[in-house]
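Chains, contacts and geometry: an overview
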Amino acid sequence: MVKITDVREPLADDIAMLFANLAKSDKLSRLITLKRRTAESVSTSTMAIDQLMDCFVKGAEGALNKKANFDYLSYLFADLSKSEAGRAYFTTRQDYDGVVPVTKLTVFTEHESPVRRKGVASTIKNVAFEIPFHSTLLSEGEANLLPYVLLPITGPEEFSEEESMAMLPDLQLLPPNKQRDSDNSIIVTHLETLLLLTTTREGRDKMREINVYPIIRECHLHVDDDDVREACDRLVQVLMRDEEGEGNASQAQIEGANLNSSDADIHVQQGSAQNDDEKVVELF
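Residues numbered from 1 in each chain as written. Predicted model: local features only at pLDDT ≥ 70, side-chain atom pairs only at ≥ 80, totals over all residues. Heavy atoms only, no water.

We now examine the overall build of the chain. Within the chain, the secondary structure is distributed over 14 helices and zero strands. The linear arrangement of helices and strands in the chain, starting from the amino end, is α-α-α-α-α-α-α-α-α-α-α-α-α-α. Here the chain holds 284 residues, and 54% of them are scored as buried. Counting contacts in the chain only where the partners sit at least 6 residues apart, residues at least 24 apart contribute 66% of the total. For the chain, the computed accessible surface area is about 13700 Å², with 47% contributed by carbon and sulfur atoms. (Helix = DSSP H or I, 4+ residues; strand = E, 2+ residues; numbered from the N terminus. Buried < 20%, exposed > 50% of the residue type's maximum accessible area, 1.4 Å probe, protein only. Contact = heavy atoms within 4.5 Å. Areas by Shrake-Rupley, 256 points an atom, 1.4 Å probe, with all protein chains shown as cover.)

Encoded structure:
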């Protein structure tokens, strides 16, 4: 901790990588509760995990330490967020800065570093296993997670005016050179996060309200990857099926769920659906 929080340390990134590897051991979870002296120029917190978070956020692209970017700390966060204690940290507002830690990570979902994007995506997905926190994640006035998860899976395709108007403002009128994440495994992770957020009725209603389906449809059509298409399939089945006690899906919805493509393999799941828990993949 002394070395990685030293802004003059030339091997800070090597230490970050070491932390990421050691995080496979449950013993490193003590970082969540470890207290130490304040790291000047890095953080005002005396908690080790806060100091590492501040290194990651403030130190992107060498802004804190000219010889380090701290990208590999995102892998540490992903492993720590597998545990209940880790998820509790990422979803709890911290006294020293008044910020919920996971909200510091969302801005990096489209960062140029694939390491940073991958670790951040996995951390966010793990946090989404905390169902009571879903309202905060979905709220535009709080975590406002959805645009940060949807933008990396959105490409340059144009949508009809009707489809676009219902989408989140950040998803409207994107430039023609907009690209999806180049790493298909990261796209899958974001799709799995969206699937986790459909665990609650609030989440399903929100995604229908902001018209997530066309984005998933285009992702399915334009990403030639079986895992991505399977993840799209599972999400669409949840979004397009009827809620209990409601009527059948409209014919337009059913036809739309076929993705308007002869090679599309997404189909609406009618009737009773499988338990959503069976559809969720294991933690990162």
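On to the nonpolar core. Nonpolar side chains in soluble globular proteins tend to end up buried together. Residues Leu 73, Leu 76, Phe 77, Leu 150, Leu 191, Leu 194 and Ile 216 are the most contacted members of the largest nonpolar core, which totals 73 residues. When residues in this core are grouped by element, the largest group, eight residues, is from helix H13 (residues 226-240). When residues of this core are sorted by domain, at least three fall in each of domain 1 (1-101) and domain 2 (130-242). If we skip the residues at most four places from it in the chain, Leu 194 touches Leu 146, Val 149, Leu 150, Ile 153, Met 207, Ile 216 and Leu 235. (Core = buried A, V, L, I, M, F, W, Y, C linked by side-chain atoms within 4.5 Å. Domains from an automatic or database assignment.)

Within a pair of aromatic rings, the relevant descriptors are the distance that separates the centres and the angle that separates the planes. All chains considered together, the criterion is met by five aromatic pairs. Pairing Phe 56 with Phe 108 gives two aromatic rings, centres 5.4 Å apart and planes at 75 degrees, and the pair type is edge-to-face. With Phe 56 in helix H2 (residues 48-58) and Phe 108 in the loop between helix H5 (102-105) and helix H6 (114-127), this pair connects stretches of sequence that are 52 residues apart. Geometrically, the ring pair formed by Tyr 89 and Phe 90 is edge-to-face, given 5.2 Å between the ring centres and 70 degrees between the ring planes. Of the two residues, Tyr 89 and Phe 90, both sit in the buried class. Following the ring pairs from residue to residue traces out a cluster consisting of Phe 56, Phe 77, Tyr 89, Phe 90 and Phe 108. The cationic tip of Arg 116 hangs over the ring face of Phe 56; the distance from NZ or CZ to the ring centre is 3.7 Å. A cation over a ring is seen here: Arg 116 above Phe 108, with NZ or CZ 4.7 Å from the ring centre. (Phe/Tyr/Trp six-rings, centres within 6.5 Å; stacked < 30°, edge-to-face > 60°. Lys NZ or Arg CZ within 6 Å of the ring centre and 35° of its normal.)

Once that is clear, we can look at the confidence of the model for the chain. Any region with low pLDDT has predicted coordinates that should not be read closely. Per-residue confidence for the chain gives a mean pLDDT of 87, with 86% of residues at or over 70. Under a pLDDT of 50 for its full length, residues 247-284 has, in the predicted model, 74 contacts with residues more than four places off or in other chains. (pLDDT = per-residue confidence, 0-100.)

Next up on the list: H13. With 15 residues, H13 extends 21 Å from end C-alpha to end C-alpha; this agrees with the ideal 21 Å at 1.5 Å per step. Among the residues of H13, Val 228, Arg 229, Ala 231, Cys 232, Asp 233, Arg 234, Leu 235, Val 236, Gln 237, Val 238, Leu 239 and Met 240 are the ones counted as buried. Here H13 starts with a cap whose side-chain oxygen sits 3.0 Å from the backbone nitrogen of Asp 227, and that cap is Asp 225. (Expected span 1.5 Å × (residues − 1). Polar contact = N/O pair within 3.5 Å; in protein donor to acceptor, adjacent residues only side chain to side chain.)

A word on unusual backbone geometry. Non-glycine residue Asn 144 carries a positive phi angle of around 50 degrees. Structurally, Asn 144 is set in the loop between helix H7 (134-138) and helix H8 (146-150). With phi around 55 degrees, Leu 173 is a residue other than glycine that occupies positive phi space. By the secondary structure assignment, Leu 173 is in the loop between helix H9 (161-165) and helix H10 (184-197). Assessed through its relative accessible area of 82%, Leu 173 is described here as exposed.

This part takes up the packing of helix H1 (residues 12-22) against helix H3 (residues 73-80). Relative orientation of the contacting elements H1 and H3 amounts to 20 degrees, with a least axis distance of 7 Å. Taken together, the axes of H1 and H3 lie roughly parallel to each other. Crossing of H1 against H3: the hand is left-handed. Each of Ala 16, Phe 19 and Ala 20 in H1 lies in contact with H3, whose residues at this interface are Leu 73, Tyr 75, Leu 76 and Asp 79. When the residues that make up the contact of H1 with H3 are grouped by side-chain class, the tally is six nonpolar, no polar and one charged. (Axes fitted to C-alpha atoms, helices over the stretch in contact; angles between N-to-C directions. Parallel < 35°, antiparallel > 145°, perpendicular 65-115°, else oblique. Left-handed = near helix turned anticlockwise from the far one by under 90°. Nonpolar A, V, L, I, M, F, W, Y, C, P; charged D, E, K, R; others polar.)

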